[in-house]
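A closer look at the structure
Each chain, written out:
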Amino acid sequence: MAACAPSFRDPAGICLCFQRRVLRFVTAEAVAEFENFLHSRLAQEFLAAKKIISTRRLTDGETTPLREEPELKPRFAAQPGGSVYEHERIPFASYAHEWPPEMLCAAGRLTLELARTALTDGFGLKDATPGNILFRGHEPVFVDTPSFERRDPRDAIWKAHAQFVRTFLLPLLASRRWGLRLADIFTTRRDGLEPEEIYRLCGPFEKFHPRLLPLVSLPTWLSRRADPDDQKIYQPHLLADAEKAQFILESLFRRLERALTAQEPAGQKSAWSDYMTTHSYGDPAFTAKEQFVRAALEEFKPARVLDAGANTGHFSALAARTGAAVMAVDIDPVCVGAIWRRARQEKLDLLPLVVDLARPSPALGWRNRECASFLDRAAGNFDGVLMLALIHHLLVTERIPLTEILQLAAQLTTRLLVVEFVPPQDAMFRRLTRGRDQLHAQLNVHQFEQACQPYFEIMRFLDLPGTHRRLYCLKRKAGVA
Amino acid sequence: MMLAYVDPGLGMLIWQTIVAVAVGLLFYLKKIRRAIFGFCLKIIGRKTKVTIGSSSVPAQKAAKVEREVKMR
C-alpha cells in the first residue's frame, strides 16, 4: 500500500492511499455525522471557496471491487456497516516538518477561520493540527473533513484548543524567538511542543512576557498545581445559555487569531536570502541563464517542475509562469518563506518546501507510514527538474559523488533536467572547498558529461558569459532504472 | 456529539476554563450595558418626540414631514 494513514487516530475512521486514490473508511456510527456535515450549507461554502477538500461517497457498485482487494479486505472487516469515501487527490502531500513558518501560520489561520465559521452553523472542529492541512500550490486546504462534528451549543470549551497551541502557536513562537526549525520540532514530535518545554527555554523575565504568559507560563504553573488524577477537570461543563457559550468561543478564536498574528514570521534574513542580489553573475550571464531555462521549459513544456535548491524562487516563478505546477525546495526556511510569499502575491501554482536534498525528509510516524519520505513522494512525480547552482554544494559541502547526484536527478525527473555545472575554478566553488581544492581537481565538463551519459542525453549547453559555468539541457534516457 | 480524541492538555484546559469564566462575566456585562443603552435610547427617543398638528411623532420623522411640507 502506498503508505499514508494520516487519520487513523480518529475513532470516526481511517484514511489511506490506495492505487493513487485517497480513500476514507468511515465507521457505521460516524457516517450520519459525516453526511450531516458534507450536505450542510457550511461544507458547500467551504468547498466553493476551495478551503476544504472535495469528498464523495462511493456507491455500492464502486465499493464492491474494492472489497475484493487483498490489501483493503482487513479495512472492510474492521468496519462492517461503514462507508467508503473518496477524497480529491492533492498533487503533492507535504507535512509541517517541510513547511517554513509562513506556511504553518497560513495553515493555522485557515484552521481558525473554519472553526470560527463552523461555530455559527452549529459545527465544531474536534482537532486542530497541521496534519489536517495540505497545500494545493501555495494555498492551504483542509483535508480531514470528518473533523467537523455537530457541537453541543451549550459547550463553551474547545477541546482542540491545547492542540492548536501545541502544534501551531508554540512552534511558531519557538521559531521566531529562538530560531528553532519546524523540521526539528515536527520530525521528533507529532503533537508539537508542550508549554512546559518552552517554559524551560524561557529566562526568568521572559516568563512574564505578555505573549508568553497565556501560552506558556500560566498553563505550566496551573498544570503543576493541578491534581493530574482529578477527572472532573476533563468533564464537559455545559452552560445554561447557548448564546453565552458561543460568545465565549468566538472570543477564544479572536484571541487565538491575535496570538497567531503576533507569531507571524517577520521579514528575516539568512545567509542565502540575499543571494539574488549578491550572486557572482554579471547581468549578461544572468540574462543568458534566464533565456536558456525559459527556452528549455518552453520546448519540453513540463506539467510538473521541481526546482531543487530554489533559493528565493526566481526560476521557480519563471517555470510557474510557463504554466507548470512547480515545487521549489531549498534548505533555508527563510528563502522558502520568501518563495511562499511571492507565490501568494503573484498567485503562482508553486509549492515551496524546506527540504535538504542531501538529507531529505524521512518516512515518519507509526511504522514509518504516517508521513512518506520526501523521495518516495517525489520520485517520478516531475517531468522537469531544475538544478541550478546546486551541484557544487552537494559535491563539496555534502561530499556526494557526481554519479549519485545524477542518479537522483534521473529518479526525480521523467524527462527534462536543466543543470548548471559549476567547475572547481569558480569563485563560489572555491569558497566551499576551504582549501580542499585537490579533492575536486579532476572535475571538468568532460567528466561531468561522461557522468551524465548513462542517464541523460545532452540536448544542448551554454557557457555563461563572464563565468566558468555551463548550463545543460538534458533529456532523460528511456529505460533508466 | 463531539468525539473529542485529542489530548486537551491539563494546564491549558484549566487556563481555557478560567478565561471562559471571565469572558462569561463579560458577556453579562455586555448584556447589562446593552440593556442600559437601550433604556437610555428609549428615554431620549421619548424626549425628542415633537408634536405636529395633533399627533406626536419622533423627531426624525417630524423633520421628514417638515421637509415634505416645505417642498410642497
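Above this note sits the structure.
Residue numbers run consecutively from 1 along every chain, following the written order of its sequence. For this description, chains carry letters from A and ligands carry numbers from 1, given in the order in which they are written. Restriction of local features to residues with pLDDT of at least 70 applies here, the model being predicted, together with a cutoff of 80 or more for giving and counting side-chain atom pairs; totals for whole chains, interfaces and linings are based on all residues. As a rule here, side-chain values come from all non-hydrogen atoms in the structure, and water together with hydrogens is ignored.

**Details of the interface of chain B and chain A**
Contacts between residues were defined by any pair of non-hydrogen atoms, one from each residue, lying within 4.5 Å. Listed per partner, the contact involves 27 residues of chain B and 41 residues of chain A. Of the roughly 3,100 Å² buried between chain B and chain A on both sides combined, carbon and sulfur atoms contribute 72%. Salt bridge criterion: a side-chain nitrogen from Lys or Arg within 4 Å of a carboxyl oxygen from Asp or Glu. Aspartate 7 of chain B is the salt-bridge partner of arginine 166 of chain A, the closest N and O atoms lying 3.9 Å from each other. In this classification, the charged set is Asp, Glu, Lys and Arg, the nonpolar set is Ala, Val, Leu, Ile, Met, Phe, Trp, Tyr, Cys and Pro, and all remaining amino acids, among them Gly, are polar. For the side of chain B that touches chain A, the class distribution of residues is 19 nonpolar, five polar and three charged. As used here, buried area is the combined drop in accessible area, with a 1.4 Å probe, of two parts when they are placed together.

**As for the packing of aromatic side chains**
Classification of ring pairs uses Phe, Tyr and Trp, with its six-membered ring standing for Trp, and accepts pairs whose centres are within 6.5 Å; under 30 degrees between planes counts as stacked, over 60 as edge-to-face, and the remaining range as tilted. Taken as a whole and assessed by the stated rule, the structure comprises 20 aromatic pairs over all chains. Centre to centre, the rings of phenylalanine 27 of chain B and tyrosine 28 of chain B are 5.5 Å apart; their planes meet at 65°, and the pair counts as edge-to-face. Judged by relative accessible area, which is 4%, phenylalanine 27 of chain B ranks as buried. Exposed residues in this analysis have more than 50% of their type's maximum accessible area, buried residues have under 20%, and partly exposed residues fall in between, with area computed by a 1.4 Å probe over protein chains only. Relative accessible area serves as the criterion here: at 38%, tyrosine 28 of chain B is assigned to the partly exposed category. One aromatic cluster is present, built from ring pairs that chain together Phe37, Phe46, Phe123, Phe142 and Phe148 of chain A. We count a charge as sitting over a ring when the NZ of a lysine or the CZ of an arginine lies within 6 Å of the ring centre and within 35 degrees of the ring normal. Over the aromatic face of tyrosine 199 of chain A sits the side chain of lysine 207 of chain A, whose NZ or CZ is 4.5 Å from the ring centroid. Seen from the ring of phenylalanine 461 of chain A, arginine 470 of chain A lies directly overhead, with NZ or CZ sitting 3.9 Å from the centre.

**Quick look at the sheet that holds strand E4 (residues 83-87) of chain A**
Residue and element names in this part refer to chain A. Here we have four strands laid out as an open sheet, ordered E1-E2-E4-E3, and antiparallel in their pairing. Every interior strand has two partners, whereas the edge strands, strand E1 (13-18) and strand E3 (55-57), have only one. Direction aside, neighbouring strands of the sheet carry axes that sit 30° apart on average. If DSSP finds at least two bridges between two strands, the strands pair. Secondary structure elements are defined from DSSP: runs of H or I of at least 4 residues count as helices, runs of E of at least 2 residues count as strands, and each element is numbered from the N terminus. Pairing between E1 and strand E2 (residues 21-26): six bridges, direction antiparallel. Paired with phenylalanine 18 across the two strands is arginine 21, which belongs to E2. Axis angles are defined between N-to-C directions and span 0 to 180 degrees, where every axis is a line fitted to C-alpha atoms and, for a helix, only to the segment in contact.

**Let's talk about empty space enclosed by the protein**
As defined here, a cavity is a set of points on a 1 Å grid over the protein atoms alone where a 1.4 Å probe fits but cannot get out. A pocket is an open set with protein on both sides within 12 Å along at least five of seven lines, and residues line them when an atom is within 4 Å of a point. Grid points are joined across faces, edges and corners, and a volume is the space filled by probe spheres set on the points. Evaluated as defined, the whole model comprises four cavities of 30 Å³ or more. If you trace the largest cavity, you find it lined by Asp155, Ile157, Lys159, Ile233, Tyr234, Gln235, Pro236 and His237 of chain A together with Leu13 and Thr17 of chain B. Of the residues in the lining of the largest cavity, the class split is five nonpolar, three polar and two charged.

**Some thoughts on a positive patch on the surface**
A contiguous patch of positive charge on the surface is contributed by Arg254 and Arg258 of chain A together with Lys30, Arg33 and Arg34 of chain B. For the positive patch, the secondary-structure elements that each account for two or more residues are helix H10 (242-262) of chain A together with helix H1 (11-47) of chain B. In terms of residue count, the dominant contributor to the positive patch is H1 of chain B (three residues). Residue position: arginine 34 of chain B is located in helix H1. Its relative accessible area of 55% is what places arginine 34 of chain B among the exposed residues. Like-charged residues are merged into a patch within 9 Å and nonpolar side chains (Val, Leu, Ile, Met, Phe, Trp, Tyr) within 5 Å, provided each residue has over 30% relative accessible area and no salt bridge. For accessible areas, the Shrake-Rupley method is used with a probe of radius 1.4 Å. Any residue's cover is judged against the shown protein chains and nothing else. Lys and Arg are tallied as positive, Asp and Glu as negative. Neither His nor the chain termini are counted. Just so you know, the charge point we use is NZ for Lys, CZ for Arg, CG for Asp and CD for Glu.

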